[in-house]
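Analysis of the macromolecular model
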Amino acid sequence: MQSRLRVHGHPIQPMLVTFPFGLFVCATVFDLADVLGGPAILGLVGYWTAVAALVAGGLATAAGMVDLWDVPGDPTRRTAIIFNLVNAAVAVLFVFACLIRSGEPEHGASGGLVAVELLGLLLGSVGVRLGGSLVRQFDQGRGEPTSFDGFGPPASSVAGGFGRRRGG
């Protein structure tokens, strides 16, 4: 099973899903700092970081839906559906937090909203684990290099040019 959406042979969706999760983590850190007495600008940055994470999550979800179309009807499909539902639940929690904050003039966070965001991150870590499982299942049997040798030039070009001594 291979993803339809690929760049240089690598599936796009696993690359895209890292952005929203990382941005959700950053938003929560900014909001936590705001709640703990940091400058008010941290709450504003946390709010807009969460909004950016939701936009990135929408792109990752679109790519995931394209990939879900080709998942065979076995345990892999069930894992993929659970993965998408977990990611949707994380997005719903952060949408909830953003909607509540959108009415505030400085979009500041509160302790309750940070708790909701921490719950979202906990749920998101389950999604990360499921996503890793899916990547291993999708690319099973694919010959990826396990060392840095895969990043160098092909062995034929090394033997034909770089490794020869001149003049001997």
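Keep in mind it's a predicted model, so treat the numbers as computed, not measured.

This part takes up the overall build of the chain. Secondary structure assignment for the chain yields six helices and two strands. Order of helices (α) and strands (β) in the chain, N terminus to C terminus: β-β-α-α-α-α-α-α. Across the 168 residues that make up the chain, the buried fraction comes to 30%. In the chain, once contacts between residues fewer than 6 apart in sequence are set aside, the share between residues at least 24 apart is 74%.

So, about the side chain of D34. Along the polypeptide, D34 turns up in helix α2 (residues 18–35). The buried charged residue D34 lacks any salt bridge, with R101 as its nearest oppositely charged partner at 5.5 Å.

Another point: the confidence of the model for the chain. Overall, the predicted model of the chain reaches an average pLDDT of 79, with 75% of residues at or above 70. Mean pLDDT per element in the chain: helix α6 (residues 155–162) is the minimum at 50, and α2 is the maximum at 93.

Next up on the list: the environment of V126. Mapped onto the elements, V126 comes out in helix α5 (residues 111–138). Taking the relative accessible area as the measure of exposure, V126 reaches 41% and is therefore partly exposed. Placed 40 residues apart in sequence, V126 and V86 show a C-alpha to C-alpha distance of 7.6 Å.

Applying the stated criterion to the full structure yields two salt bridges. The residue R101 makes a salt bridge to D31 at a minimum N-O spacing of 2.6 Å. Taken together, the residues R101 in helix α4 (residues 75–102) and D31 in helix α2 connect sequence positions 70 residues apart. Measuring nitrogen to oxygen at the nearest pair gives 3.4 Å for the salt bridge that ties E117 to R101. Pair noted here: E117 is in helix α5 and R101 is in helix α4, with a separation of 16 residues, a long-range link. Residue classification places E117 among the buried positions, given a relative accessible area of 1%. On the basis of relative accessibility, which here comes to 1%, the residue R101 falls in the buried class. Through salt bridges with shared partners, one network takes in D31, R101 and E117.

Along the chain, V95 turns up in helix α4. Here the alpha-carbon distance between V95 and E117, two residues 22 residues apart in the chain, equals 10.0 Å.

Evaluation of the coordinates by the stated rule reveals two aromatic pairs. Ring geometry for F24 versus F94: centroids 4.0 Å apart, planes at 25°, classification stacked. Note that F24 is positioned in helix α2 and F94 in helix α4, a separation of 70 residues in sequence. Looking at F24, the relative accessible area reads 6%, which means it is buried. Measuring from ring centre to ring centre gives 5.0 Å for Y47 and W48, while their planes differ by 80°; the resulting arrangement is edge-to-face.

Mapped onto the elements, T79 comes out in helix α4. Excluding anything up to four places from it in sequence, T79 contacts L130, S133 and L134.

So, how was this worked out
- Residues numbered from 1 in each chain as written.
- Predicted model: local features only at pLDDT ≥ 70, side-chain atom pairs only at ≥ 80, totals over all residues.
- Heavy atoms only, no water.
- Helix = DSSP H or I, 4+ residues; strand = E, 2+ residues; numbered from the N terminus.
- Buried < 20%, exposed > 50% of the residue type's maximum accessible area, 1.4 Å probe, protein only.
- Contact = heavy atoms within 4.5 Å.
- Lys, Arg positive; Asp, Glu negative; His and termini not counted.
- Salt bridge = Lys/Arg side-chain N within 4 Å of Asp/Glu carboxyl O.
- pLDDT = per-residue confidence, 0-100.
- Phe/Tyr/Trp six-rings, centres within 6.5 Å; stacked < 30°, edge-to-face > 60°.

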